[in-house]
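# Per-entry structural report
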Amino acid sequence: MHLIMKDCELPLRLQKFEALLRSVEDNHWQRYEILMEYKKWLQGFRGEESVMFYLDPISNEDYRIYHDIRLPLGRYYFQIDILLTCPRFILVIEVKNRSKDWHFAKLLNQVTVDGKRTKNPILQAKVQSIKLKRWLAEHHMTDIPILYLFVNSNEKSKIHIDYDHKYSRSVCNSEQLLEKIEQIENQHKIEILEEKDLRKMNRLLLAKNTPDNTNLLQHFKMTSEDQMTGIRCQNKNTKCNSSQLRYKSGIWTCPVCKLKSKTAHHQKIKDYFLLIKPTITNTEARALLQIKSRKIIHQMLTNMKLPYTGKFKGRVYHQPEDQ
């Protein structure tokens, strides 16, 4: 079987979007814009997720597969949706998940979706492959063919390409992906990288991968004041999701639906780490959870087994590395 070196997991940006949507009021002036942008990013992720599913049947042990790799190059970063490496070649895959048809015109390489001009995803994949080549050269990696491919992951959309378009070989629908890879295999049979080279590349890719850590509050021109304090009921079976839970004797209780929880504050603390900063003090947690007792907050944060520094009133709790 192939080796999935970096699996398809919810990106940090989407985790932050979900935290932000949990943290702002339903009638907040920015909520609609946040929701629309979140849906756009989520749609893209679902497309990448489906392409990873189509790659699953690959049985060649030579392949190493990476989802969502973001690497530094000069002062900036470049991001690759899906990357395949093997001894014979490297394949950069750019994934798009749109329900409208794609039209690739031969003239000036123009691309339209539903009649509107859009970025050429084939050229995007090509640019990423060029940047990857430069990045590998900086790390003294052996020269190896780096190919690129645009994969349309949405079954509702079709691809229309002008006759004899020079980029037609670099595009396919997700269900044609394995066939496309087989064609590439037939054209690149000479092994250039040894196993030790692939292991070195794997270590580099995972070590240098830098997830997008965008500050969403700044992005939407918001501050920590826009974040709700206290804990809102998350009972999806009722309509009381705007009511505030009340804390008493170690239990959070919803005054409307009577939902009870011992750990409702866990998500609120995690969201704080994602949106505000990766540390929290007892004082900050009391303000966030709307609990006056320093002792209760100390017990809550201790039970969450958060790493911390400092003693007594100077103690600072830190976001766990695996969050």
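The structure this text deals with has already been given above.
Now for a description of the structure that goes with this document. Given the structure is predicted, the values throughout are model-derived calculations rather than measurements. (Residues numbered from 1 in each chain as written. Predicted model: local features only at pLDDT ≥ 70, side-chain atom pairs only at ≥ 80, totals over all residues. Heavy atoms only, no water.)

### Let's talk about the overall build of the protein
Threshold: Put simply, DSSP marks the helices as runs of H or I at least four residues long and the strands as runs of E at least two long, and each gets a number from the N terminus on. Burial classification: accessible surface area is computed with a 1.4 Å probe over protein chains only, and a residue below 20% of its type maximum counts as buried, one above 50% as exposed, and the rest as partly exposed. For this analysis, residues touch if any pair of their heavy atoms sits within 4.5 Å. Using the Shrake-Rupley algorithm and a 1.4 Å probe, accessible areas are obtained, with residue cover drawn only from the displayed protein chains. Within this scheme the basic residues Lys and Arg register as positive and the acidic residues Asp and Glu register as negative, but His and the chain ends are omitted. Think of each charge as sitting on NZ of Lys, CZ of Arg, CG of Asp or CD of Glu.
Looking only at helices and strands, one finds 9 helices and 16 strands in the protein. Along the longest, intermediate and shortest principal axes, the C-alpha atoms of the protein span 70 × 45 × 35 Å. For the protein, the residues scored as buried account for 44% of the 323 residues in total. In the protein, of all internal contacts separated by at least 6 residues, the share reaching a separation of at least 24 is 63%. Counting only carbon and sulfur atoms, one obtains 50% of the accessible surface of the protein, whose full area is about 18,500 Å². Distance from the positive charge centre (54 side chains) to the negative charge centre (37 side chains) of the protein: 10 Å.

### Observations regarding the environment of I146
Relative to the helices and strands, I146 is located in strand β8 (residues 146-152). Here I146 falls in the buried class, since its relative accessible area comes to 16%. For the pair I146 and S129, spaced 17 residues apart in the sequence, the C-alpha separation amounts to 6.2 Å.

### A word on the packing of aromatic side chains
The cut-off we apply is this: Aromatic rings from Phe, Tyr and Trp, taking only the six-membered ring of Trp, are treated as a pair when their centres fall within 6.5 Å; an angle between ring planes under 30 degrees marks them as stacked, one over 60 as edge-to-face, and anything in between as tilted. Only when the NZ of Lys or the CZ of Arg is both within 6 Å of the ring centre and within 35 degrees of the ring normal is a charge said to sit over the ring.
With the rule as written, the count across this model stands at 9 aromatic pairs. Between F17 and Y38, the ring centres sit 6.1 Å apart and the planes meet at 40°, which makes this aromatic pair tilted. Taken together, the positions of F17 in helix α1 (residues 12-23) and Y38 in helix α2 (residues 31-55) put the pair 21 residues apart, joining distant regions of the chain. Residues F17 and Y38 agree in their burial class; the two are buried. Residues Y308 and Y317 carry aromatic rings whose centres are separated by 6.1 Å and whose planes lie at 55° to one another, so their mutual orientation is tilted. Its relative accessible area of 3% is what places Y317 among the buried residues. Three or more aromatic residues link up through ring pairs in this structure, and these residues are F17, Y38 and F220. Over the face of the ring belonging to W41 we find R13, whose NZ or CZ atom lies 4.0 Å from the ring centre. One cation-aromatic arrangement involves R315 over Y308; the distance from NZ or CZ to the ring centre is 3.8 Å.

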